[in-house]
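An overview of the molecular structure
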Amino acid sequence: MRRGRRAATVAVLVGGLLLPAGSALATGPGTSPTTPGSAPATPGASPSGAGSASGGSGSGSGSAPAAPGDTLPVVTQLLTAQNGQTPPCLTPSTKNTQATPWPQTFLRPDQAWQLNQGAGVTVAVLGSGVADGSGLLTGRLDDAATLPGGGDPTHDCVGHGSFLAGLIAADHRSDTGFAGLAPRARILAVGVTDNTGASTADLLAKGIRAASDKGARVIDVGVTLSGGNDALAAAVRDAVGKGALIVAPAAPDTVPQPSDGSSPPPPASVYPAAYPEVLAVRDLGPGGTLAQGSTSVGGRVDLSAPGDAVMSVGPAGGGYYTGAGASFATAFVAGSAALALGYRPDLTEAQLAHRLEATAYRLGGALPDPQFGYGSVDPVAAVTTVLPQEHPTPSGAAATTPATELAMPPARPASAAPSQAVTVALATLGVIALVALAAVVVPRGRARGWRPAERGAEREFG
(Lines give C-alpha, C1' and ligand atoms only; values in the text may rest on other atoms or scores of the structure.)
Protein backbone atom coordinates (compact mmCIF):
# COMPACT_ATOMS: atom_id res chain seq x y z
CA MET A 1 0.00 0.00 0.00
CA ARG A 2 1.32 3.41 -0.94
CA ARG A 3 2.59 5.60 1.87
CA GLY A 4 0.21 8.45 1.06
CA ARG A 5 -2.86 6.22 1.24
CA ARG A 6 -1.73 4.69 4.54
CA ALA A 7 -1.01 8.10 6.03
CA ALA A 8 -4.41 9.45 4.99
CA THR A 9 -6.14 6.42 6.52
CA VAL A 10 -4.27 6.94 9.78
CA ALA A 11 -5.15 10.61 9.92
CA VAL A 12 -8.85 9.86 9.47
CA LEU A 13 -8.86 6.97 11.94
CA VAL A 14 -7.17 8.79 14.76
CA GLY A 15 -10.02 11.28 15.20
CA GLY A 16 -12.41 8.50 16.09
CA LEU A 17 -9.95 6.61 18.26
CA LEU A 18 -9.30 9.32 20.82
CA LEU A 19 -11.44 8.80 23.88
CA PRO A 20 -12.25 11.19 26.72
CA ALA A 21 -9.69 10.84 29.50
CA GLY A 22 -10.48 7.84 31.67
CA SER A 23 -12.82 6.20 29.14
CA ALA A 24 -12.53 2.50 28.43
CA LEU A 25 -12.41 1.33 24.84
CA ALA A 26 -12.62 -2.44 25.04
CA THR A 27 -11.64 -5.39 27.12
CA GLY A 28 -8.01 -6.26 26.52
CA PRO A 29 -4.53 -6.34 28.03
CA GLY A 30 -4.07 -4.49 31.28
CA THR A 31 -7.27 -5.85 32.78
CA SER A 32 -5.99 -9.26 33.83
CA PRO A 33 -3.00 -8.59 36.07
CA THR A 34 -2.64 -12.03 37.62
CA THR A 35 -3.41 -14.73 35.09
CA PRO A 36 -1.44 -14.82 31.83
CA GLY A 37 -3.58 -15.86 28.92
CA SER A 38 -6.90 -15.46 30.71
CA ALA A 39 -9.87 -13.38 29.63
CA PRO A 40 -9.64 -9.98 31.30
CA ALA A 41 -12.13 -8.37 33.61
CA THR A 42 -13.59 -4.92 33.25
CA PRO A 43 -10.91 -2.28 33.87
CA GLY A 44 -11.08 -0.64 37.27
CA ALA A 45 -10.33 2.90 38.23
CA SER A 46 -6.75 3.66 39.15
CA PRO A 47 -5.56 6.52 41.34
CA SER A 48 -2.42 6.68 39.23
CA GLY A 49 -4.21 7.31 35.94
CA ALA A 50 -2.90 9.65 33.30
CA GLY A 51 -2.79 13.23 34.44
CA SER A 52 -2.50 12.40 38.13
CA ALA A 53 1.24 12.78 38.46
CA SER A 54 3.14 16.00 38.53
CA GLY A 55 5.88 16.95 36.15
CA GLY A 56 6.04 17.68 32.45
CA SER A 57 5.19 20.87 30.65
CA GLY A 58 1.84 22.16 29.60
CA SER A 59 0.53 22.54 26.08
CA GLY A 60 2.57 24.41 23.55
CA SER A 61 1.90 28.11 23.27
CA GLY A 62 -0.57 29.10 20.62
CA SER A 63 -1.93 25.57 20.28
CA ALA A 64 -5.67 25.12 20.05
CA PRO A 65 -7.30 22.00 21.49
CA ALA A 66 -8.12 19.48 18.80
CA ALA A 67 -11.72 18.34 18.57
CA PRO A 68 -12.19 14.56 18.32
CA GLY A 69 -12.96 14.87 14.63
CA ASP A 70 -9.78 16.80 13.83
CA THR A 71 -6.87 15.00 12.25
CA LEU A 72 -3.32 14.93 13.55
CA PRO A 73 -0.21 15.32 11.40
CA VAL A 74 1.41 12.01 10.47
CA VAL A 75 4.86 10.73 11.45
CA THR A 76 6.42 8.06 9.23
CA GLN A 77 9.40 5.74 9.51
CA LEU A 78 10.97 7.24 6.39
CA LEU A 79 10.66 10.61 4.68
CA THR A 80 9.86 10.34 0.97
CA ALA A 81 11.70 12.55 -1.51
CA GLN A 82 9.43 14.69 -3.67
CA ASN A 83 10.50 15.12 -7.30
CA GLY A 84 13.99 13.97 -6.41
CA GLN A 85 14.40 16.75 -3.87
CA THR A 86 15.46 16.26 -0.26
CA PRO A 87 12.27 16.06 1.80
CA PRO A 88 11.75 18.79 4.39
CA CYS A 89 11.89 18.00 8.09
CA LEU A 90 8.71 17.28 10.00
CA THR A 91 6.58 20.36 10.61
CA PRO A 92 5.85 21.12 14.29
CA SER A 93 2.37 20.12 15.34
CA THR A 94 -0.07 22.59 16.87
CA LYS A 95 -2.79 19.98 17.45
CA ASN A 96 -3.68 19.18 21.05
CA THR A 97 -6.40 17.07 22.60
CA GLN A 98 -7.61 16.10 26.05
CA ALA A 99 -8.65 12.66 24.84
CA THR A 100 -7.00 9.40 25.82
CA PRO A 101 -5.50 7.50 22.85
CA TRP A 102 -6.94 4.02 22.32
CA PRO A 103 -3.63 2.14 23.01
CA GLN A 104 -3.38 3.62 26.52
CA THR A 105 -6.99 2.61 27.18
CA PHE A 106 -6.43 -0.84 25.68
CA LEU A 107 -3.25 -1.58 27.66
CA ARG A 108 -4.11 0.32 30.88
CA PRO A 109 -0.52 0.93 32.05
CA ASP A 110 -1.89 3.17 34.81
CA GLN A 111 -2.87 0.01 36.70
CA ALA A 112 0.82 -0.83 37.03
CA TRP A 113 2.01 2.68 37.90
CA GLN A 114 1.16 2.23 41.57
CA LEU A 115 3.96 -0.37 41.69
CA ASN A 116 6.48 1.16 39.30
CA GLN A 117 6.71 3.66 36.46
CA GLY A 118 10.00 2.51 34.96
CA ALA A 119 12.28 4.37 37.36
CA GLY A 120 15.89 3.21 37.19
CA VAL A 121 15.58 1.71 33.70
CA THR A 122 17.26 3.14 30.60
CA VAL A 123 15.61 2.48 27.24
CA ALA A 124 17.67 3.21 24.14
CA VAL A 125 15.76 4.48 21.11
CA LEU A 126 17.67 3.71 17.92
CA GLY A 127 16.44 5.72 15.00
CA SER A 128 16.30 9.29 13.72
CA GLY A 129 17.28 10.87 17.04
CA VAL A 130 15.20 12.24 19.91
CA ALA A 131 14.40 15.91 20.55
CA ASP A 132 12.26 16.82 23.55
CA GLY A 133 10.21 19.59 21.98
CA SER A 134 7.25 18.79 24.20
CA GLY A 135 9.23 18.95 27.44
CA LEU A 136 7.79 15.60 28.57
CA LEU A 137 11.22 13.95 28.85
CA THR A 138 12.87 16.74 30.84
CA GLY A 139 15.66 15.41 33.07
CA ARG A 140 15.35 11.90 31.66
CA LEU A 141 16.85 12.22 28.17
CA ASP A 142 20.44 11.24 27.43
CA ASP A 143 22.20 10.81 24.11
CA ALA A 144 25.01 8.72 22.73
CA ALA A 145 27.86 10.24 20.76
CA THR A 146 27.21 10.91 17.08
CA LEU A 147 28.18 7.77 15.17
CA PRO A 148 30.27 7.84 11.97
CA GLY A 149 27.74 8.01 9.16
CA GLY A 150 24.82 8.64 11.54
CA GLY A 151 22.85 11.72 12.38
CA ASP A 152 22.95 13.92 15.45
CA PRO A 153 21.00 12.01 18.14
CA THR A 154 19.76 15.30 19.64
CA HIS A 155 18.22 16.47 16.35
CA ASP A 156 15.27 14.64 14.81
CA CYS A 157 14.36 15.76 11.31
CA VAL A 158 12.08 12.77 10.65
CA GLY A 159 10.28 12.93 14.00
CA HIS A 160 10.05 9.14 14.27
CA GLY A 161 12.56 8.69 17.09
CA SER A 162 10.96 11.43 19.21
CA PHE A 163 7.54 9.85 18.61
CA LEU A 164 8.77 6.44 19.85
CA ALA A 165 10.45 8.01 22.89
CA GLY A 166 7.15 9.68 23.78
CA LEU A 167 5.24 6.40 23.56
CA ILE A 168 7.79 4.82 25.88
CA ALA A 169 8.42 7.45 28.53
CA ALA A 170 6.55 10.75 28.04
CA ASP A 171 5.50 12.31 31.32
CA HIS A 172 1.90 13.04 32.31
CA ARG A 173 0.20 16.24 31.29
CA SER A 174 -2.60 17.59 33.39
CA ASP A 175 -4.70 18.45 30.34
CA THR A 176 -4.66 15.15 28.45
CA GLY A 177 -5.05 11.40 28.85
CA PHE A 178 -1.80 10.74 26.99
CA ALA A 179 1.37 9.53 28.73
CA GLY A 180 4.14 7.09 27.91
CA LEU A 181 3.90 3.55 29.24
CA ALA A 182 6.87 4.04 31.59
CA PRO A 183 6.83 7.76 32.46
CA ARG A 184 9.79 7.59 34.86
CA ALA A 185 12.16 5.62 32.60
CA ARG A 186 15.20 7.29 31.05
CA ILE A 187 15.61 7.55 27.29
CA LEU A 188 18.96 7.15 25.55
CA ALA A 189 18.86 8.64 22.05
CA VAL A 190 21.07 6.86 19.49
CA GLY A 191 21.12 8.22 15.94
CA VAL A 192 21.37 5.39 13.41
CA THR A 193 19.78 7.03 10.35
CA ASP A 194 20.32 9.91 7.97
CA ASN A 195 17.90 12.82 7.74
CA THR A 196 15.40 10.71 5.79
CA GLY A 197 15.32 7.82 8.28
CA ALA A 198 17.41 5.42 6.18
CA SER A 199 20.05 3.25 7.84
CA THR A 200 22.58 0.51 7.07
CA ALA A 201 23.55 -2.74 8.78
CA ASP A 202 26.96 -1.38 9.78
CA LEU A 203 25.50 1.82 11.22
CA LEU A 204 22.83 -0.08 13.13
CA ALA A 205 25.49 -2.42 14.51
CA LYS A 206 27.41 0.59 15.85
CA GLY A 207 24.22 1.96 17.39
CA ILE A 208 23.40 -1.29 19.20
CA ARG A 209 26.93 -1.44 20.61
CA ALA A 210 26.73 2.19 21.72
CA ALA A 211 23.42 1.54 23.48
CA SER A 212 24.66 -1.54 25.34
CA ASP A 213 27.94 0.18 26.26
CA LYS A 214 25.88 3.00 27.82
CA GLY A 215 24.04 0.51 30.00
CA ALA A 216 20.65 0.41 28.27
CA ARG A 217 18.62 -2.57 29.53
CA VAL A 218 16.07 -2.22 26.71
CA ILE A 219 16.96 -1.32 23.12
CA ASP A 220 14.09 -0.22 20.87
CA VAL A 221 15.15 -0.39 17.22
CA GLY A 222 12.88 1.82 15.14
CA VAL A 223 14.25 0.95 11.70
CA THR A 224 14.09 -2.11 9.47
CA LEU A 225 16.66 -3.44 7.03
CA SER A 226 16.18 -5.89 4.18
CA GLY A 227 19.34 -7.74 5.18
CA GLY A 228 21.91 -8.05 7.93
CA ASN A 229 25.63 -8.77 8.08
CA ASP A 230 28.20 -10.27 10.41
CA ALA A 231 28.78 -6.97 12.22
CA LEU A 232 25.09 -6.56 13.00
CA ALA A 233 24.68 -10.17 14.14
CA ALA A 234 27.71 -9.85 16.42
CA ALA A 235 26.46 -6.56 17.89
CA VAL A 236 23.10 -8.15 18.69
CA ARG A 237 24.73 -11.12 20.42
CA ASP A 238 27.07 -8.91 22.42
CA ALA A 239 24.28 -6.59 23.58
CA VAL A 240 22.13 -9.52 24.68
CA GLY A 241 25.16 -10.97 26.46
CA LYS A 242 25.40 -7.73 28.42
CA GLY A 243 21.81 -8.07 29.56
CA ALA A 244 20.00 -5.85 27.03
CA LEU A 245 16.63 -6.82 25.57
CA ILE A 246 16.40 -5.83 21.88
CA VAL A 247 12.97 -5.09 20.40
CA ALA A 248 12.49 -4.54 16.66
CA PRO A 249 9.70 -4.38 14.03
CA ALA A 250 8.74 -7.69 12.41
CA ALA A 251 7.96 -5.85 9.16
CA PRO A 252 8.53 -2.45 7.57
CA ASP A 253 5.78 0.11 8.11
CA THR A 254 5.08 0.34 4.37
CA VAL A 255 5.88 -1.73 1.28
CA PRO A 256 6.13 -0.14 -2.18
CA GLN A 257 3.16 -0.91 -4.43
CA PRO A 258 4.07 -2.76 -7.66
CA SER A 259 3.81 -0.54 -10.72
CA ASP A 260 1.39 -2.97 -12.41
CA GLY A 261 -1.19 -2.44 -9.65
CA SER A 262 -0.97 -5.95 -8.23
CA SER A 263 -0.79 -6.65 -4.51
CA PRO A 264 2.71 -6.48 -3.08
CA PRO A 265 4.15 -9.84 -2.03
CA PRO A 266 4.78 -10.45 1.67
CA PRO A 267 8.24 -9.14 2.50
CA ALA A 268 10.97 -11.51 3.52
CA SER A 269 12.31 -11.38 7.04
CA VAL A 270 13.59 -7.97 8.04
CA TYR A 271 16.56 -7.20 10.26
CA PRO A 272 17.41 -7.06 13.08
CA ALA A 273 14.11 -8.79 13.98
CA ALA A 274 15.15 -11.87 11.98
CA TYR A 275 17.86 -12.68 14.51
CA PRO A 276 16.59 -15.17 17.12
CA GLU A 277 17.93 -13.06 20.00
CA VAL A 278 15.62 -10.14 19.07
CA LEU A 279 11.94 -9.79 20.03
CA ALA A 280 10.08 -9.36 16.72
CA VAL A 281 6.95 -7.18 17.09
CA ARG A 282 3.99 -6.59 14.78
CA ASP A 283 1.27 -3.95 14.91
CA LEU A 284 -2.37 -4.22 16.00
CA GLY A 285 -5.39 -2.08 15.30
CA PRO A 286 -8.08 -1.02 17.78
CA GLY A 287 -9.49 -3.88 19.84
CA GLY A 288 -6.50 -6.14 19.24
CA THR A 289 -7.23 -6.94 15.60
CA LEU A 290 -4.79 -6.79 12.72
CA ALA A 291 -4.40 -3.19 11.64
CA GLN A 292 -6.30 -2.23 8.51
CA GLY A 293 -3.87 -2.16 5.61
CA SER A 294 -0.97 -3.33 7.78
CA THR A 295 2.06 -4.80 6.10
CA SER A 296 2.18 -8.58 5.81
CA VAL A 297 4.82 -10.24 7.94
CA GLY A 298 7.12 -12.64 6.14
CA GLY A 299 9.22 -13.64 9.12
CA ARG A 300 8.81 -14.61 12.77
CA VAL A 301 6.44 -12.76 15.13
CA ASP A 302 7.10 -12.95 18.88
CA LEU A 303 4.73 -10.30 20.24
CA SER A 304 2.04 -7.89 19.08
CA ALA A 305 1.21 -4.39 20.29
CA PRO A 306 -0.90 -1.39 19.26
CA GLY A 307 0.52 0.19 16.13
CA ASP A 308 -2.36 1.60 14.12
CA ALA A 309 -3.50 5.22 14.61
CA VAL A 310 -1.34 5.68 17.70
CA MET A 311 -0.67 9.15 19.12
CA SER A 312 2.48 10.68 20.57
CA VAL A 313 4.63 13.80 20.66
CA GLY A 314 7.21 15.04 18.18
CA PRO A 315 10.59 16.76 18.13
CA ALA A 316 9.25 20.32 18.15
CA GLY A 317 6.25 22.14 19.57
CA GLY A 318 3.78 20.90 22.13
CA GLY A 319 1.28 19.27 19.80
CA TYR A 320 0.61 15.65 18.91
CA TYR A 321 1.13 13.44 15.88
CA THR A 322 -0.16 10.08 14.73
CA GLY A 323 1.51 7.11 13.06
CA ALA A 324 0.94 3.52 12.00
CA GLY A 325 3.15 0.47 11.54
CA ALA A 326 5.12 -2.20 13.32
CA SER A 327 7.86 0.26 14.26
CA PHE A 328 5.39 2.11 16.51
CA ALA A 329 4.29 -1.15 18.13
CA THR A 330 7.86 -1.77 19.33
CA ALA A 331 7.60 1.23 21.65
CA PHE A 332 4.73 -0.33 23.61
CA VAL A 333 6.76 -3.52 24.08
CA ALA A 334 9.82 -1.52 25.13
CA GLY A 335 7.73 0.50 27.59
CA SER A 336 6.23 -2.68 29.05
CA ALA A 337 9.72 -4.11 29.43
CA ALA A 338 10.79 -0.96 31.31
CA LEU A 339 7.86 -1.31 33.72
CA ALA A 340 8.67 -4.98 34.37
CA LEU A 341 12.36 -4.22 34.93
CA GLY A 342 11.62 -1.26 37.18
CA TYR A 343 9.58 -3.50 39.46
CA ARG A 344 11.82 -6.57 39.06
CA PRO A 345 15.34 -5.18 38.44
CA ASP A 346 17.02 -8.55 38.92
CA LEU A 347 15.45 -10.05 35.79
CA THR A 348 17.93 -11.27 33.21
CA GLU A 349 17.41 -10.56 29.53
CA ALA A 350 16.14 -14.10 28.99
CA GLN A 351 13.78 -13.88 31.95
CA LEU A 352 12.44 -10.52 30.78
CA ALA A 353 11.78 -11.82 27.27
CA HIS A 354 10.06 -14.90 28.67
CA ARG A 355 7.98 -12.79 31.05
CA LEU A 356 6.70 -10.55 28.25
CA GLU A 357 5.74 -13.57 26.15
CA ALA A 358 4.30 -15.65 29.00
CA THR A 359 2.08 -12.82 30.23
CA ALA A 360 0.90 -11.67 26.79
CA TYR A 361 -2.83 -11.40 26.15
CA ARG A 362 -3.65 -14.32 23.84
CA LEU A 363 -5.06 -13.35 20.47
CA GLY A 364 -4.47 -16.35 18.24
CA GLY A 365 -4.58 -20.12 18.40
CA ALA A 366 -1.53 -22.35 18.82
CA LEU A 367 1.48 -20.57 20.28
CA PRO A 368 3.31 -18.88 18.82
CA ASP A 369 0.61 -17.78 16.39
CA PRO A 370 2.06 -16.88 12.95
CA GLN A 371 0.20 -13.56 12.94
CA PHE A 372 0.22 -12.50 16.60
CA GLY A 373 3.13 -14.43 18.12
CA TYR A 374 2.41 -15.03 21.81
CA GLY A 375 -0.23 -12.30 21.76
CA SER A 376 -0.53 -8.64 22.67
CA VAL A 377 1.92 -7.34 25.21
CA ASP A 378 0.23 -6.81 28.59
CA PRO A 379 2.18 -4.31 30.74
CA VAL A 380 0.05 -4.90 33.85
CA ALA A 381 0.48 -8.67 33.75
CA ALA A 382 4.18 -8.30 32.91
CA VAL A 383 4.65 -6.37 36.16
CA THR A 384 2.31 -8.18 38.53
CA THR A 385 2.15 -11.83 37.46
CA VAL A 386 4.04 -14.37 39.58
CA LEU A 387 5.35 -16.97 37.14
CA PRO A 388 5.96 -20.55 38.30
CA GLN A 389 9.58 -20.21 37.28
CA GLU A 390 11.91 -18.12 35.18
CA HIS A 391 13.51 -19.99 32.32
CA PRO A 392 17.22 -19.09 31.98
CA THR A 393 17.22 -19.67 28.22
CA PRO A 394 18.20 -17.28 25.40
CA SER A 395 15.37 -15.00 24.35
CA GLY A 396 15.27 -16.61 20.93
CA ALA A 397 14.66 -20.01 22.47
CA ALA A 398 11.51 -18.74 24.17
CA ALA A 399 9.77 -18.84 20.79
CA THR A 400 10.19 -22.61 20.63
CA THR A 401 8.99 -23.25 24.18
CA PRO A 402 5.90 -25.51 24.14
CA ALA A 403 2.68 -23.59 24.57
CA THR A 404 1.78 -25.65 27.62
CA GLU A 405 4.70 -24.14 29.48
CA LEU A 406 3.57 -20.60 28.69
CA ALA A 407 -0.19 -20.85 29.28
CA MET A 408 0.18 -21.10 33.02
CA PRO A 409 -2.94 -21.41 35.18
CA PRO A 410 -3.27 -19.40 38.39
CA ALA A 411 -2.07 -21.02 41.59
CA ARG A 412 -4.83 -23.02 43.26
CA PRO A 413 -5.84 -21.80 46.72
CA ALA A 414 -4.80 -24.07 49.56
CA SER A 415 -7.51 -26.65 50.28
CA ALA A 416 -9.26 -26.54 53.71
CA ALA A 417 -10.01 -30.29 53.61
CA PRO A 418 -6.90 -31.49 55.55
CA SER A 419 -7.47 -29.09 58.47
CA GLN A 420 -11.16 -29.96 58.55
CA ALA A 421 -10.37 -33.69 58.71
CA VAL A 422 -8.04 -33.19 61.66
CA THR A 423 -10.67 -31.16 63.51
CA VAL A 424 -13.31 -33.83 63.01
CA ALA A 425 -10.94 -36.60 64.13
CA LEU A 426 -9.97 -34.78 67.32
CA ALA A 427 -13.61 -34.06 68.16
CA THR A 428 -14.51 -37.72 67.64
CA LEU A 429 -11.73 -38.88 69.97
CA GLY A 430 -12.90 -36.42 72.59
CA VAL A 431 -16.45 -37.80 72.49
CA ILE A 432 -15.18 -41.38 72.79
CA ALA A 433 -13.07 -40.46 75.85
CA LEU A 434 -16.02 -38.79 77.56
CA VAL A 435 -18.27 -41.82 76.93
CA ALA A 436 -15.63 -44.18 78.37
CA LEU A 437 -15.18 -42.03 81.46
CA ALA A 438 -18.92 -41.86 82.02
CA ALA A 439 -19.18 -45.65 81.76
CA VAL A 440 -16.84 -46.01 84.82
CA VAL A 441 -17.90 -43.05 86.95
CA VAL A 442 -21.71 -43.22 86.72
CA PRO A 443 -22.17 -46.82 88.09
CA ARG A 444 -19.85 -46.16 91.05
CA GLY A 445 -21.59 -42.92 91.89
CA ARG A 446 -24.95 -44.61 91.93
CA ALA A 447 -23.62 -47.47 94.21
CA ARG A 448 -22.48 -44.89 96.83
CA GLY A 449 -25.67 -42.86 96.55
CA TRP A 450 -23.43 -40.13 95.15
CA ARG A 451 -21.63 -39.80 98.55
CA PRO A 452 -17.85 -39.10 98.67
CA ALA A 453 -15.77 -42.30 98.74
CA GLU A 454 -13.94 -43.48 101.92
CA ARG A 455 -10.17 -43.00 102.11
CA GLY A 456 -9.64 -46.74 101.94
CA ALA A 457 -11.78 -46.90 98.89
CA GLU A 458 -9.70 -44.14 97.43
CA ARG A 459 -6.56 -46.19 98.02
CA GLU A 460 -8.36 -49.28 96.68
CA PHE A 461 -9.20 -47.52 93.47
CA GLY A 462 -6.30 -45.23 93.45
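In the block above lies the structure referred to throughout.
Residues numbered from 1 in each chain as written. Predicted model: local features only at pLDDT ≥ 70, side-chain atom pairs only at ≥ 80, totals over all residues. Heavy atoms only, no water.

1. Comments concerning the overall build of the protein chain
The condition is simple: In this description a helix means any DSSP run of H or I spanning at least four residues, a strand means any run of E spanning at least two, and both kinds are numbered starting from the N terminus. Exposure is judged per residue with a 1.4 Å probe applied to protein chains only, and the accessible area is read against the type maximum: over 50% gives exposed, under 20% gives buried, and values in between give partly exposed. Residue burial considers only the protein chains on display, and all accessible areas are found by Shrake-Rupley using a 1.4 Å probe.
A count of helices and strands for the protein chain gives 11 helices and 13 strands. Per-residue burial for the protein chain yields a buried fraction of 52% across its 462 residues. When the accessible surface of the protein chain is summed, it comes to about 19300 Å², and 56% of that surface belongs to carbon and sulfur atoms.

2. Details of the packing of aromatic side chains
Selection rule: Whether two aromatic rings pair depends on their centres lying within 6.5 Å, for rings of Phe, Tyr and Trp, where Trp uses its six-membered ring; planes under 30 degrees apart make the pair stacked, over 60 edge-to-face, and the rest tilted.
Across all of its chains, the model carries four aromatic pairs by this definition. Summarising the aromatic geometry, the rings of phenylalanine 163 and phenylalanine 328 are spaced 5.0 Å apart at their centres and angled 75° between planes, so their arrangement reads as edge-to-face. Linking phenylalanine 163 in helix H3 (residues 160-169) with phenylalanine 328 in helix H6 (residues 326-343), this pair joins segments that are 165 residues apart in sequence. Phenylalanine 163 sits in the buried class, given a relative accessible area of 0%. Judged by relative accessible area, phenylalanine 328 falls into the buried class, the value being 0%.

3. Let's talk about the packing of helix H4 (residues 201-213) against helix H5 (residues 230-241)
As a reminder of what qualifies: Interaxial angle, 0 to 180 degrees, is taken between N-to-C directions of lines fitted to C-alpha atoms, where a helix line uses only the stretch in contact. These descriptions rest on fixed angle ranges, namely under 35 degrees for roughly parallel, over 145 for roughly antiparallel, 65 to 115 for roughly perpendicular, and the rest for oblique. The hand of a helix crossing depends on one turn: near helix anticlockwise from the far one by less than a right angle means left-handed, and clockwise means right-handed. The contact criterion used is simple: two residues touch if any of their non-hydrogen atoms lie within 4.5 Å.
Interhelical geometry of H4 versus H5 gives an angle of 15° and a closest axis separation of 8 Å. The orientation of H4 relative to H5 falls into the category roughly parallel. For the crossing formed where H4 meets H5, the hand is left-handed. Listed contacts from H5 to Ala201, Asp202, Leu204, Ala205, Ile208, Arg209 and Ser212 of H4 are Ala231, Leu232, Ala234, Ala235, Val236, Asp238 and Ala239.

4. Focus on H6
Threshold: Multiplying 1.5 Å by the helix residue count minus one yields the expected span of that helix.
Here H6 contains 18 residues, and its C-alpha end-to-end distance of 27 Å stays within 8% of the 26 Å for a straight helix at 1.5 Å per residue. Of all 18 residues making up H6, 17 are buried, and the element is well covered by its neighbours.

5. A closer look at the state of the cysteines
Which entries qualify depends on this criterion: By convention in this document, the label disulfide applies to cysteine sulfur atom pairs within 2.5 Å.
One pass over the full model with this rule turns up one disulfide. With its sulfur 2.0 Å from that of its partner, cysteine 89 forms a disulfide with cysteine 157. Looking along the S-S bond of the cysteine 89-cysteine 157 disulfide, the torsion reads about -105°, which is the left-handed sense. Here cysteine 89, found in the loop between strand E2 (64-65) and strand E3 (95-96), pairs with cysteine 157, found in the loop between strand E6 (141-143) and H3; they are 68 residues apart in sequence, far enough to count as distant. Classification of cysteine 89 by relative accessible area gives partly exposed; the value is 41%. Since its relative accessible area comes to 3%, cysteine 157 is described here as buried.

6. With respect to the sheet that holds strand E10 (residues 279-284)
Counted only if it meets this: At least two bridges found by DSSP between two strands are what make those strands a pair.
Spatially, E6-E7-E5-E8-E9-E10-E11 is the arrangement adopted by the seven strands of the open sheet, whose pairing is parallel. At either end of the open sheet lies a strand with only one pairing partner, and these are E6 and strand E11 (303-306). Each strand axis lies, on average, 30° off the axis of its neighbour in the sheet, ignoring direction. The sheet contact formed by E6 and strand E7 (residues 186-191) spans three bridges and is parallel. By the bridge assignment, aspartate 142 is partnered in E7 with leucine 188. Running at roughly 45° to strand E9 (residues 245-249), helix H7 (residues 349-358) makes contact with E9, E10 and E11 of the sheet.

7. Comments concerning the pattern of salt bridges
Rule in force here: Salt bridge, as used here, is a side-chain nitrogen of Lys or Arg placed within 4 Å of a carboxyl oxygen of Asp or Glu.
Within this structure, the stated rule accounts for seven salt bridges. Its salt-bridge partner being aspartate 142, residue arginine 186 comes within 2.9 Å of it at the nearest N-O pair. Of this pair, arginine 186 sits in strand E7 while aspartate 142 sits in strand E6; the two residues are 44 residues apart in sequence, bridging distant segments of the chain. Arginine 282 is the partner of aspartate 283 in a salt bridge, and the nearest nitrogen-oxygen pair spans 3.9 Å. Note on accessibility: aspartate 283 and arginine 282 belong to one class, buried.

8. Re unusual backbone geometry
With an omega dihedral of 10°, the bond running from tyrosine 271 to proline 272 counts as a cis peptide bond. For proline 272, the location among the structural elements is in the loop between E9 and E10. Note the cis peptide between leucine 367 and proline 368, where omega equals -5°. Here proline 368 shows up in the loop between H7 and helix H8 (379-384). Here the phi dihedral of alanine 309 falls at roughly 55°; this positive angle occurs in a residue that is not glycine. Along the chain, alanine 309 falls in the loop between E11 and strand E12 (310-313).

9. Describing the pairing of E10
Where burial is concerned, most of E10 is hidden: six out of the six residues are buried. Note: E9 against E10, three bridges, orientation parallel. When the sheet's bridge partners are listed, valine 247 is paired in E10 with leucine 279.

10. Digging into the pairing of E7
The condition is simple: The path from the first strand over the helix to the second decides the hand: if it runs clockwise while the strands point away from the viewer, the crossover is right-handed.
In terms of burial, E7 is a largely internal element, five of the six residues being buried. Pairing of strand E5 (residues 122-127) with E7, which is carried by six bridges, proceeds in the parallel orientation. Paired with valine 125 across the bridge in E7 is alanine 189. Between the parallel elements E6 and E7, the chain passes through H3 in a crossover that is left-handed.

11. Examining the nonpolar core
Note the cut-off: Take the buried residues of types Ala, Val, Leu, Ile, Met, Phe, Trp, Tyr and Cys, join any two whose side-chain atoms come within 4.5 Å, and each joined set is a nonpolar core.
Core analysis: the largest hydrophobic core is formed by 62 residues, its most contacted members being Ile187, Val333 and Leu356. Here this core takes 11 residues from H6, the largest share from any one element. Not counting the four nearest positions on each side in its chain, isoleucine 187 is found in contact with Val123, Val125, Val130, Leu137, Arg140, Leu141, Asp142, Ala165, Ile168 and Ala169. Ala205, Ala235, Ala251 and Val297 belong to the second-largest nonpolar core, a separate cluster that totals 36 residues.

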